[in-house]
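# A structural walkthrough
Read off the chains here:
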Amino acid sequence: MIPEFIVDFFSNFWVSLAGKLLLVALAIPLIGMALGFAEIKLSAKMQARVGPYFAGGRWGWAQLIADGIKFFQKEDIIPIAADRPVFKAAPMLVLVSTVALLVVIPFGPGLIFQDLSVGVFYALAISSLSTIGILMAGWSSGNKYSLIGGLRAAGQLIAYELPLVLAVVGSVIMAGTMSMSGIVEAQIEAGFPYVIFQFVGFGIFIVASLAELTRIPFDMPIAESELVMGYLTEYSGFRFLFFFLAEFANMFTLSAIAVTLFLGGYWLPGIPESLVELAGPFIVLGKVFLLAFVMIWFRWTFPRFREDQLQTLAWKWLIPIALVNIAATAFFKVML
Amino acid sequence: MAIDTDVIRHLSEAQVSVELQTEDMTLNIGPQHPSTHGVLRLVAQIDGERAHDVQPVIGYMHRGYEKLSEVRTYPQITTIVNRIDWVSGYANEIPFIVAAEKLMELEVPPRAQYIRLVLTEMARISSHLIFMASYPLELGAATPLFFALRERERVLDLLESVTGGRFHPNFNRIGGVKPVAGAGSTQKKVGQDLPVDFLPETMDAMDRVSKVCDELEDLVAGNEIILARTRGVGVFPIEVAASYGLSGPNLRASGAAFDLRKIENYLPYDDFEFNVITGTNGDCWDRWHCRLQEIRESAKIIQQAIDGIPSGDLQAKVPKVIKVPAGETYVRAENPKGEMGYYLVSDGKDGPYRLKIRSASFSNLSILPWALEGVLVPDIIAIMGSLDFVLGDVDR
Amino acid sequence: MSSSPSETDAAVENETQAQSHPLQGYAGAVAEAVGGTAGIQFDTIKIKIPNDTWVDAHITARDEFGLVHFSWLSAIDWSNEVEVGDALSDEVEERLELLTTVGDISEGRRVTFSTDLDHATPVIPTLIDVYAGANWHEREAHEMFGIDFLGHPNLAHLYLPDGFLGHPLRKSFPLLTREVKPWPGKVDVEAMPEKATAEEPSTENPEA
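What counts and what doesn't
- Residues numbered from 1 in each chain as written.
- Chains lettered and ligands numbered in written order.
- Predicted model: local features only at pLDDT ≥ 70, side-chain atom pairs only at ≥ 80, totals over all residues.
- Helix = DSSP H or I, 4+ residues; strand = E, 2+ residues; numbered from the N terminus.
- Rg over C-alpha atoms; globule rule 2.2 N^0.38 Å.
- Buried ≥ 20, exposed ≤ 12 C-beta atoms within 10 Å, placed from the backbone.
- Contact = placed C-beta atoms within 7 Å.
- Nonpolar A, V, L, I, M, F, W, Y, C, P; charged D, E, K, R; others polar.
- pLDDT = per-residue confidence, 0-100.
- Core = buried A, V, L, I, M, F, W, Y, C linked by C-beta atoms within 7 Å.
- Pairing = 2+ DSSP bridges.
- Axes fitted to C-alpha atoms, helices over the stretch in contact; angles between N-to-C directions.
- Parallel < 35°, antiparallel > 145°, perpendicular 65-115°, else oblique.
- Left-handed = near helix turned anticlockwise from the far one by under 90°.

### Observations regarding the overall build of chain B
Along the backbone of chain B there are 16 helices and 8 strands. In summary, chain B has a C-alpha radius of gyration of 23 Å against a globular reference of 21 Å for 396 residues, a match within 12%. If one aligns the C-alpha atoms of chain B with their principal axes, the spans along those axes are about 75 × 50 × 50 Å. Burial status across chain B gives 56% buried among its 396 residues. Here the analysis covers contacts within chain B between residues at least 6 apart in sequence; of these, 71% occur between residues at least 24 apart.

Shown next, in the form of structure tokens:
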């Protein structure tokens, strides 16, 4: 069907690389806008109001596009007391770590940007890069509120890295491989998504990813009513847009990791083989939006934890429970 | 023009020290800040997350009301007085008017008194609903804001329908309330009464207010994170609270059943049944809960008042130029924020010789240096918010 | 205190004689304990105390009578020559009258204590050790009237900017906007335009 030379053309390493880069570059703003739109409309529904109404017919779908354009054409303000190179680099670092995470998410059998054999390890390692970006933002702003926000972020993000990592170990043990597509295939072979047995790990992963995203109930670093905007205070214009997009894209990628490791990835029980290749991406997107909905729901229902309560939760509760989960999983894997 | 960055760095007070010093950081919370309820500035010495030696700096909204009232006549003073606590506008006028009427030994018609009572309780509901909206927002929960403000809009619409103003009604007159222009001709001067729909719609609005209290209780009261943030935080023992002059829900949350509506007789509260809400621990959660219950009690009072409202005049007979005979008196009332009182010194002229305004938030705020000693930064916001003060009330 | 308005008015008529006022007994007891003279005007108990027993009177009130709630502290400037407002009808002795109101939190009784201070240099010990709330009220009285409270740790300005000179609430302090122009309404009124003065304004409601 497809002419020979087109297939050859796209099999060229450099062309396919360019194509993948283009896809990833497009995906981030699109995902950011889609999830952002979900957030504003869902939060409006929960608060008995309508949400964006005028941009784009009566649905407001163009609201975030308009916001994006608005941010881009704003003046680039950098405070006098700020550390300029660090200030400029911080949003880039956060965005880069998010984009790099997209690389290992399987959207279908073989539909993965790069199938690394240590996919899980890579994903967790890259996601901790954003911590440095946030710290840079807080420190370089030259503003006491940003400093407090940055320090809170340091404590919080490092504390919640551990539960995040420990929570996925259970799935890795059950699958026997660290490759992301390998784990999905293991779930297909087993016939059930791992969440059925790894519900503890799943819960811990969701809580820890909320903390990694600094979303309410874990948004002490931003803490809008205390620190104005925490480490984001001095960011305006397109730099703020990068942070904003990065937050939603990160929400997507962390949810996608959860979907892959716990919820069966691109597979639904009972779906025929032939459809999986076509429907895979949509299934992944559907599951990711389900998780994103839960995260949005939490954000608008709960207030925020205080810093010491947050740390208590991580160190005294989540880490021990995750360790017990690993021990139990290993025990059952060996015994059964 | 070259900018002297060193000068600006010094002026902006945002010094990020290069060497590793471990001295405390001086943080200015305010005067522009999302959570300080206006232009309040707290100068806090912060060590990590712990604050100590927090000094409030007030006076950004000082408008000099006590001096202004010496050059105003009594009807003119009611226009400025309802701007003291601008959230509960109507309630500020009442103690002043009652003080003037006391010195004139004037009898206010019962219908006017009932209308004053209904409108005061509506001001109380309005003020407490703003608290219900903004306090969870300061803790991070954004949703109760919309629930509470939705019903508050209804109450404010009703206030506007009868007085003409949402926040600054200026509806009291010496001797009663302003004879209202009802539905219909606005040219007739005398004898018009409340708008036709006002009483039934208020009854209906009170039902909805009680319902939103249930919704807020579901959403906020049992929430574990709210409990963790407010239980045991900002505990004020009764002795300390009374010594600082706390009043209103702040004092009642510490356990004192002290409600000026039952003690002073400035309005006919004795004709109605309502409870005085007290708390047990005197922490932030108790103060929140007291205000929520008080909304319900106010709704009950309004419904009883509307059921039993007498007919009659709206204003007693007063001369055109009001001269209040010489004398001194102190009249205090239960404002939504606490005890609001006016010490009126009159010399027989058409304006007071001296008017001392005792505002509730001023004394409520004075406890902050004591309360914020050694607390974490998030708790500063929680405690400050739970005091429910308004800067106009603090600064006058 | 559950009297209807008419009963209160009847009681009010007797008050200046202070013969049968319900608070008379209580006022007398407090006045005797603190060593002052009581008067009741319009439901307000006012007890006059000499300067030197100011602090002790408050301690007695707090400990013996349970008046633990500190309501407010302020002053009245009794002057014969005033820059703002109307002068007094009768001559008074020029002084600053310092007032405090304290109350109890169980039955709701309240008492106003007053003392006279020298008009030029008003000095009095601080009440900060008796009632913690006196702190800010005394700061306000200091900046508004110039009263010096001995023993107060921090008599810095509360409301006014740091460099402000003068004591605003004294009767000798003018309202500066009044210096520039008189009561605003009088200067802003302009002559009515020609047409409107020719006919009477219509009293018909256009929508009636």
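Still to come is the rest of the account.
### What to know about the overall build of chain C
In terms of helices and strands, chain C carries 7 helices and 7 strands. Of the contacts made within chain C by residues no fewer than 6 positions apart, 51% connect residues no fewer than 24 positions apart.

### What to know about the interface of chain A and chain B
Across the contact, 28 residues belong to chain A and 31 residues belong to chain B. Looking at side-chain class alone, the side of chain A that touches chain B contains 13 nonpolar, 6 polar and 9 charged residues.

### A word on the confidence of the model for chain B
Do not read the fine detail of predicted coordinates wherever pLDDT is low. All names here are of chain B. Scored by pLDDT, chain B has a mean of 84; 90% of the residues are at 70 or more. The lowest-confidence element of chain B is helix α1 (residues 5-11), averaging 52 in pLDDT; the highest-confidence one is strand β8 (residues 354-358), averaging 92. A low-confidence stretch, residues 182-191 (pLDDT under 50), is modelled with 15 contacts involving residues beyond four sequence positions or located in other chains.

### Observations regarding the nonpolar core
Ranked by internal contacts, the top residues of the largest apolar core, which has 244 residues, are A:A258 and B:A100. Tallying contributions element by element places helix α5 (residues 110-139) of chain B first for this core, with 17 residues. Setting aside its immediate chain neighbours within four residues, A:A258 contacts A:F202, A:F205, A:I206, A:S209, A:L263 and A:L291.

### A look at the interface of chain C and chain B
Between chain C and chain B, the contact holds 45 residues from the first and 50 residues from the second. When contributions to the side of chain C that touches chain B are tallied by element, the ones reaching two or more residues are α1 (5-15), β3 (69-78), β4 (95-103) and α4 (134-145) of chain C.

### A word on the sheet that holds strand β1 (residues 25-29) of chain B
Residues and elements named next belong to chain B. Ordered by their spatial adjacency, 3 strands build an open sheet running β1-β2-β3, and the pairing between neighbours is antiparallel. With partners counted over all chains shown, the strands left at the sheet margins are β1 and β3 (50-57), one partner each. Strand-to-strand twist in this sheet, taken as the mean axis angle between neighbours without regard to direction, amounts to 25°. As judged from the 5 bridges shared by β1 and strand β2 (residues 41-47), these two strands associate in the antiparallel manner. Bridge pairing in β2 links L27 to A44.

### Considering the confidence of the model for chain C
Residue and element names in this part refer to chain C. Confidence in the prediction of chain C, expressed as mean pLDDT, is 77, and 75% of residues score 70 or more. Scored below 50 in pLDDT, residues 1-18 makes 30 contacts in the model with residues more than four places away or belonging to other chains. We note a pTM of 0.84 for the whole complex and an ipTM of 0.84 for its interfaces.

### With respect to the packing of helix α2 (residues 24-34) of chain C against helix α3 (residues 54-64) of chain C
All names here are of chain C. At a minimum axis distance of 9 Å, the contact between α2 and α3 shows a crossing angle of 130°. Between α2 and α3, the angle falls in the class oblique. For the pair α2 and α3, the crossing hand works out as right-handed. Between α2 and α3, the residues in contact are V30, A33 and V34 and A57, T60, A61 and E64, respectively. Residue classes in the contact of α2 with α3 are distributed as 5 nonpolar, 1 polar and 1 charged.

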